[in-house]
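Tertiary structure, described
Take a look at the letters that make up each chain.
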Amino acid sequence: MSDEGNAREKLVEVDNISVQFGKKSRPFTAVDGVSFDIYKGETFGLVGESGSGKTTIGRAIIRVNPISSGEIRFAGKRISGKLSPSEDRQVTKDIQMIFQDPMSSLNERAKVGYIVMEGLYAPGNDCTNEEREQRVIKAMQDVGLPPEFMSRFPHEFSGGQRQRIGIARALVMNPKFIVADEPISALDVSIRAQVLNLLQKLQKEKGLTYLFIAHDLSVVRFICDRIAVIHKGHIVELAESEKLFAHPLHPYTQALLSAISQPDPIAEKNKKLIVYDPSQHHYENDPPVWTEIEDGHFILANQEEIEKYKAEL
Amino acid sequence: MEDNDIQKGETLISIKDLAFDFTLRGQTLHALRGISLDIKKGESLAIVGESGSGKSVFVSNLMGLNAQNGHVSGGSIMYRGLDLTKLTTEKEWSEIRGRRIAMIMQDPMTSLNPLKTIGWQISEAVEMHRGLNGEAAKKAVYELLGDVGISNSERRYKQYPYEFSGGMRQRVVIAIALACKPEILICDEPTTALDVTIQAQILGILKRLQEKYELTSIYITHDLGVVADVADRVAVMYAGDIVEVGTCNEVFYDPQHPYTWALLSSLPQLGIKGEQLYSIEGTPPNLFYEVHGDAFASRNPHPLKIDFVKCPPMFEVTPTHFARTWLLDPRSPGVEKPEHIKRLNEKYQELMKKNGESVSGQEPARTALEGAAI
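These notes cover the structure that comes with them. (Residues numbered from 1 in each chain as written. Chains lettered and ligands numbered in written order. Predicted model: local features only at pLDDT ≥ 70, side-chain atom pairs only at ≥ 80, totals over all residues. Heavy atoms only, no water.)

**Section: the sheet that holds strand β5 (residues 82-83) of chain B**
Residue and element names in this part refer to chain B. Test applied: Whether two strands pair depends on DSSP finding at least two bridges between them. Secondary structure counts use DSSP, requiring at least four H or I residues in a row for a helix and at least two E residues in a row for a strand, with both numbered from the N terminus. Contacts between residues were defined by any pair of non-hydrogen atoms, one from each residue, lying within 4.5 Å. Note on definitions: angles span 0 to 180 degrees between N-to-C directions of axes, and those axes are lines fitted to C-alpha atoms, for helices only across the stretch in contact.
With antiparallel pairing, the four strands of this open sheet are ordered in space as β2-β1-β4-β5. Two strands bound the open sheet, and with one partner strand each, they are β2 (27-40) and β5. Where strand β4 (residues 70-79) meets β5, two bridges bridge the pair, whose relative direction is antiparallel. What sits directly across from Tyr79, in β5, is Leu82. On top of the sheet, helix α1 (residues 55-63) reaches β1 (11-24), β2 and β4; it is set at about 115° to β1, its chief contact.

As structure tokens, then:
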């Protein structure tokens, strides 16, 4: 995918966005000046620890959390801020989300058929009952669930099946872009592989683009084309997955990579943990800037550090 | 209870044919189906399996924590001359629970009392089990806080759980578990709720404290990365039974049971990008019914005919490595191991050669069939 270079079509452009919570007088900045592009057809990974702001970015893109500055563009059009009703409907349809915990993200009182269908009732989706049903059946088949399950309730399903229902609910809208927020971290090991395979299969068949939010780097490496590492509201490094794993430059990325657990007792017992200490940066006089250090490899660093990283490459 | 000294490496708990049933709406669910396992003093044993495989029910038996509708339907758990399956009253259990065998729960966010200070919660355990009071108890708490890597213990003593992050809370939970100097520490998914970086730190603390307090630890987890990090021995559970048990290296680099192969192969760490990840088809057997033959047979991509008829016995691979699969029977035709498993094994052989150690010491103990299977 990388050979296409700059010719690739940008689907989502996140341009210097910040998200603030709390009172206007004493705001808490959860995301601070973050920029990245997601290309059409790729899986873009966003990794960081809890509280780093990764979910907030995902929610800003689906427009749940309003952004306080910057701009988000989808297929070239601005989607942040105020939109006309018709644009609003189109964006809602095009961007869908898969949630983390399939145990709590499904309406326990509704039948599966209704859960999957609900999005189609939104105003502007004037299809007949029959069309709706057909689309639900199609979505259920796409995720590998028999259409008979439509008349059952969520409690009758296992975790893996419930996550499939969650994916079907997103697919029924025929989205172009899916935000998957930790879609497998609440699942059992034996089911994770199934859901990962399903996500990859759907991407191939429907040409979907994913934003994959996770804290588990080994999963991200397996499924993502490019990875952004986020720490305390700043993206500190962004590169193609293999490049990031081969040459992690930012000390925080190195710390994260060193903590990955491998199913390999010898490697695991000799593992050396790198602990990230933010005080190693001297940003008082020379604030860091978002720099492209080599082709497609971005890093947040000041001038002095860039020199150092360049020498390491 | 005998208090004689058990040396490191000798059997501390001996579990024989343990069977445990739950009664649900008039039906019987066979949660454990005849488990036999020896737990050695000073070792760290990891119990791996998917949800519903019975790993939590199994360790709850060591603590007497199972639900009211469950009962032991056979077998024994011998611990220092005492059969734990025979204990019934809370009074009998209070001798064991906490004092001898302590447990760390999965979620540090819910296992602490939000209304009491950290210091109060730790000293409660110290006072109750060690009989210390006042200043002495406080001193013991400070020491425990230091042990689990919480600095500034005098200030922390007076703080409430909400003032602690997830990793810090888990440290407090560890301190409470260690407060009464137990002999055995059970860690039930100790790091599932935590971030990767914090996970590594907590595991480091647990390993360090195991040495300091001469603990025998039992880890329950479904994260094979954690297992590789902490365990000396690994037991793989499936459908209420142990299907494979061996040293950590044996189970990871030379697994014998198809279920262990499947578990390892489905890890994204071992997957190849762009290719399908191996996934285990189907669901575990319904434990409301009697399981015939090998419980994994219906999900096994290459089952043998006998797998559906008769339950395999535990075959010995090496004196420390056992697996419950007919593939180890000399009459079995053998099955090609999955690519990933072969690669892991090759990597291990290479590493061993590099280190100047030979793994050939293990080879003669294996059956001739094994060689054919690879």
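**A few points about the nonpolar core**
Nonpolar side chains in soluble globular proteins generally cluster together in the buried interior. As a reminder of what qualifies: In this description, a nonpolar core means a group of buried Ala, Val, Leu, Ile, Met, Phe, Trp, Tyr and Cys residues linked to one another through side-chain atoms lying within 4.5 Å. Each residue is placed in one exposure class: buried if its accessible area under a 1.4 Å probe, protein chains only, is under 20% of its type's maximum, exposed if it is over 50%, and partly exposed if it falls in between.
Of all hydrophobic cores here, the largest spans 114 residues; its most connected members are Phe58(B) and Ile186(B). Per element, the largest residue contribution to this core is seven residues, and it comes from helix α6 (residues 166-178) of chain B. Counting residues in hydrophobic clusters, the runner-up holds 63 residues, among them Phe222(A), Ile227(A), Leu257(A) and Tyr276(A).

**Quick notes on the pairing of β1(B)**
Residues and elements named next belong to chain B. The pairing of β1 with β2 spans 11 bridges and is antiparallel. Within β2, the residue paired with Asp21 across the bridge is His30. Where β1 hands over to β2, the hairpin turn is made up of two residues, of which Arg25 adopts a positive phi near 45°.

**Some remarks on the sheet that holds strand β1 (residues 10-21) of chain A**
All names here are of chain A. Ordered by their spatial adjacency, four strands build an open sheet running β2-β1-β4-β5, and the pairing between neighbours is antiparallel. Sheet topology places β2 (28-39) and β5 (77-78) at the edges, where each strand pairs with a single neighbour. Of the pairings in the sheet, the one linking β1 to β2 comprises eight bridges and is antiparallel in character. Note on β2: the bridge partner recorded for Ile17 is Val34.

**Overview of the pattern of salt bridges**
All names here are of chain B. Definition in use: In what follows, salt bridge is the name for a side-chain nitrogen of Lys or Arg lying within 4 Å of a carboxyl oxygen of Asp or Glu.
Taken as a whole, this structure holds 27 salt bridges over all chains when the rule is applied. In this structure, Glu183 engages Lys41 in a salt bridge whose closest nitrogen and oxygen atoms are separated by 3.2 Å. Of this pair, Glu183 sits in the loop between α6 and β7 (184-188) while Lys41 sits in the loop between β2 and β3 (44-48); the two residues are 142 residues apart in sequence, bridging distant segments of the chain. Across the pair, Lys41 and Glu183 agree in class, each one buried. The shortest N-O distance in the salt bridge between Arg324 and Asp241 comes to 3.0 Å. Of this pair, Arg324 sits in the loop between β12 (321-323) and α11 (339-354) while Asp241 sits in strand β10 (residues 241-247), and the two are 83 residues apart along the sequence.

**So, the interface of chain B and chain A**
To keep things clear, this is the line we draw: Accessible area that two parts lose when put together, evaluated with a 1.4 Å probe and summed over both, is termed the buried area. Polar contacts here mean pairs of N or O atoms no more than 3.5 Å apart (in protein, one a potential hydrogen donor and the other a potential acceptor; neighbouring residues in sequence count only if both atoms are side-chain atoms). Each residue receives one of three labels: charged for Asp, Glu, Lys and Arg, nonpolar for Ala, Val, Leu, Ile, Met, Phe, Trp, Tyr, Cys and Pro, and polar for the others, Gly being one of them.
In this assembly, 42 residues from chain B lie in contact with 35 residues from chain A. Both faces combined, the contact of chain B with chain A buries some 3200 Å², and carbon together with sulfur accounts for 57% of it. For the interface between chain B and chain A, the tally reads zero salt bridges. Between the two partners, chain B and chain A, sit seven residue pairs in polar contact (both at pLDDT 80 or more). Contributing elements (two or more residues each) for the side of chain B that touches chain A: α7 (196-212), α8 (224-230), α9 (248-253), α10 (258-265) and α11 of chain B. Looking at the side of chain B that touches chain A residue by residue, the classes come out as 22 nonpolar, 13 polar and seven charged.

**Some thoughts on the side chain of Ser14(B)**
All names here are of chain B. You can see Ser14 is positioned in strand β1. Here Asp38 takes part through its side chain, which lies 3.1 Å from a polar atom of the side chain of Ser14. Sequence-distant contacts of Ser14, defined by excluding residues within four places in its chain, comprise Leu37, Asp38, Ser76, Ile77 and Met78.

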